[in-house]
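# Per-entry structural report
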Amino acid sequence: LYLKIDTTKGLMPGNVVSAIQDKYGHYWMGMGSRGLSMYNQEKNKSINWSARDNATHPRVMSIQEDNHGNLWLGCQDGLWFLKNDKDIEPDFSLKNHCLKVGTEYLGESAVYITKMMDDSTLLVGNALGYFLIDLKEFYSSNNERCTFKGIFKENYSNYIGGAVNQNSSFRSSDGCFWLLTDNGLVRHDPSKYVSSGAGRMVTIDSIRAGG
């Protein structure tokens, strides 16, 4: 009645804190202290990317698949984008397929939540608060630009919550998103959050000349 994926199927030992089955049928599992694993049910074997063996491998806290079939990995050092593939072999290089995004706002904080809100919006929660990422803009820029639809940080007046806790998000039947934070429960109502549509603005706050 159930599928058990463990060391008998090649999974590296460790505490699995997040898991998802992608559109190809692969099972991806994040281990916050050890790294990332993928189980191929057809081949009945696992592929492991241990962060202990290779420091460049991400320590994954949360996983979400978008409508393109690619994966968003909430890791201990920020948010990573993984270009997924149907045929993944043991020599699959995460370094060549992963991209760290959104560091200008997300920083190096551990990302505990990655959750799709709609076809083009990814909700990301970390120790600073929560963020809405524009995936349509991300793909239209060939994965070169991470644009935010909304930023809710502790030091901003638009957010009174605290750090978002591990995999603690829920979507209710009315379309609202509920997040458990260090400062209590936060509800995000997409119907009440409307973008202003204002254009981007650049402000120069300092200039250095001569070194």
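Right, let's walk through the structure included here. (Residues numbered from 1 in each chain as written. Predicted model: local features only at pLDDT ≥ 70, side-chain atom pairs only at ≥ 80, totals over all residues. Heavy atoms only, no water.)

### Some words on the overall build of the chain
- Scanning the chain from N- to C-terminus turns up three helices and 15 strands.
- A compact globule built from 211 residues would reach a C-alpha radius of gyration of about 17 Å, and the chain, at 18 Å, matches this within 12%.
- The C-alpha extent of the chain, read off along each of the three principal axes, is 55 × 55 × 30 Å.
- Each of the 211 residues in the chain was classed as buried or not, and the buried ones make up 48%.
- Taking the contacts inside the chain whose residues are at least 6 apart along the sequence as the reference set, 45% of them involve residues at least 24 apart. (Helix = DSSP H or I, 4+ residues; strand = E, 2+ residues; numbered from the N terminus. Rg over C-alpha atoms; globule rule 2.2 N^0.38 Å. Buried < 20%, exposed > 50% of the residue type's maximum accessible area, 1.4 Å probe, protein only. Contact = heavy atoms within 4.5 Å.)

### Let's talk about the pairing of strand S6 (residues 71-75)
- Of all five residues making up S6, five are buried, and the element is well covered by its neighbours.
- Of the two faces of S6, the one carrying Leu71, Leu73 and Cys75 and the one carrying Trp72 and Gly74 are both buried.
- Two elements, strand S5 (residues 60-65) and S6, share five bridges in a ladder whose sense is antiparallel. Bridge pairing in S6 places Val60 opposite Cys75.
- Turn length for the S5-S6 hairpin, with the two strands adjacent in sequence and antiparallel, is five residues, and the turn residue Gly69 shows positive phi of about 85 degrees.
- Across five bridges, the pairing between S6 and strand S7 (residues 78-82) is antiparallel. By the bridge assignment for S7, Gly74 is matched with Leu79.
- Hairpin connection between S6 and S7: a loop of two residues separates the two successive antiparallel strands. (Pairing = 2+ DSSP bridges.)

### Notes on the pattern of salt bridges
- Under the definition given, this model contains five salt bridges.
- For Asp77, the salt bridge goes to Lys100, with nearest N and O atoms at 3.7 Å. One end of the pair, Asp77, is in the loop between S6 and S7; the other, Lys100, is in strand S8 (residues 98-101), with 23 residues separating them in the sequence.
- Residue classification places Lys100 among the partly exposed positions, given a relative accessible area of 26%.
- Of the charged contacts in the structure, one is a salt bridge between Lys100 and Glu108, with a shortest N-O distance of 2.7 Å.
- Through salt bridges with shared partners, one network takes in Asp77, Lys100 and Glu108. (Salt bridge = Lys/Arg side-chain N within 4 Å of Asp/Glu carboxyl O.)

### Here's the deal with the side chain of Ser168
- Mapped onto the fold, Ser168 is located in strand S13 (residues 164-171).
- Setting aside its immediate chain neighbours within four residues, Ser168 contacts Ile113, Trp178, Leu179 and Leu180.

### Brief notes about the packing of aromatic side chains
- A full pass over the atoms with the stated rule returns 13 aromatic pairs.
- Plain terms: the ring middles of Tyr27 and Tyr39 are 6.3 Å apart, the flat faces sit at 40 degrees to each other, and that makes the pair tilted. With Tyr27 in strand S2 (residues 27-31) and Tyr39 in strand S3 (residues 35-40), the pair connects residues that are 12 residues apart, well separated along the chain.
- For Tyr39, a relative accessible area of 2% gives the class buried.
- On the numbers, 5.0 Å between centres and 65 degrees between planes, the contact of Phe81 with Phe138 is edge-to-face. Placement of the pair is Phe81 in strand S7 and Phe138 in helix H3 (residues 135-140), with a sequence separation of 57 residues.
- When its relative accessible area of 2% is taken as the criterion, Phe81 is described as buried.
- The structure contains a cluster of three or more aromatic residues connected by ring pairs, namely Trp72, Phe81, Phe138 and Tyr139. (Phe/Tyr/Trp six-rings, centres within 6.5 Å; stacked < 30°, edge-to-face > 60°.)

### Observations regarding the sheet that holds S6
- Spatially, S5-S6-S7-S8 is the arrangement adopted by the four strands of the open sheet, whose pairing is antiparallel. The strands lining the two open edges of the sheet, one partner per strand, are S5 and S8. Strand-to-strand, the axes of this sheet are offset by a mean angle of 25 degrees, without reference to chain direction. (Axes fitted to C-alpha atoms, helices over the stretch in contact; angles between N-to-C directions.)

### A short note on the sheet that holds S13
- Reading across the sheet, the three strands line up as S13-S14-S15 and stay open at both edges, with antiparallel pairing between neighbours. Across the chains shown, the open sheet's two edge strands, defined by having one partner strand only, are S13 and strand S15 (184-188). Going from strand to strand, the sheet's axes swing by 25 degrees on average, the running direction of each strand aside.
- With five bridges connecting them, strand S14 (residues 177-181) and S15 associate as antiparallel partners. Looking across to S15, one finds that Trp178 is bridged to Arg187.

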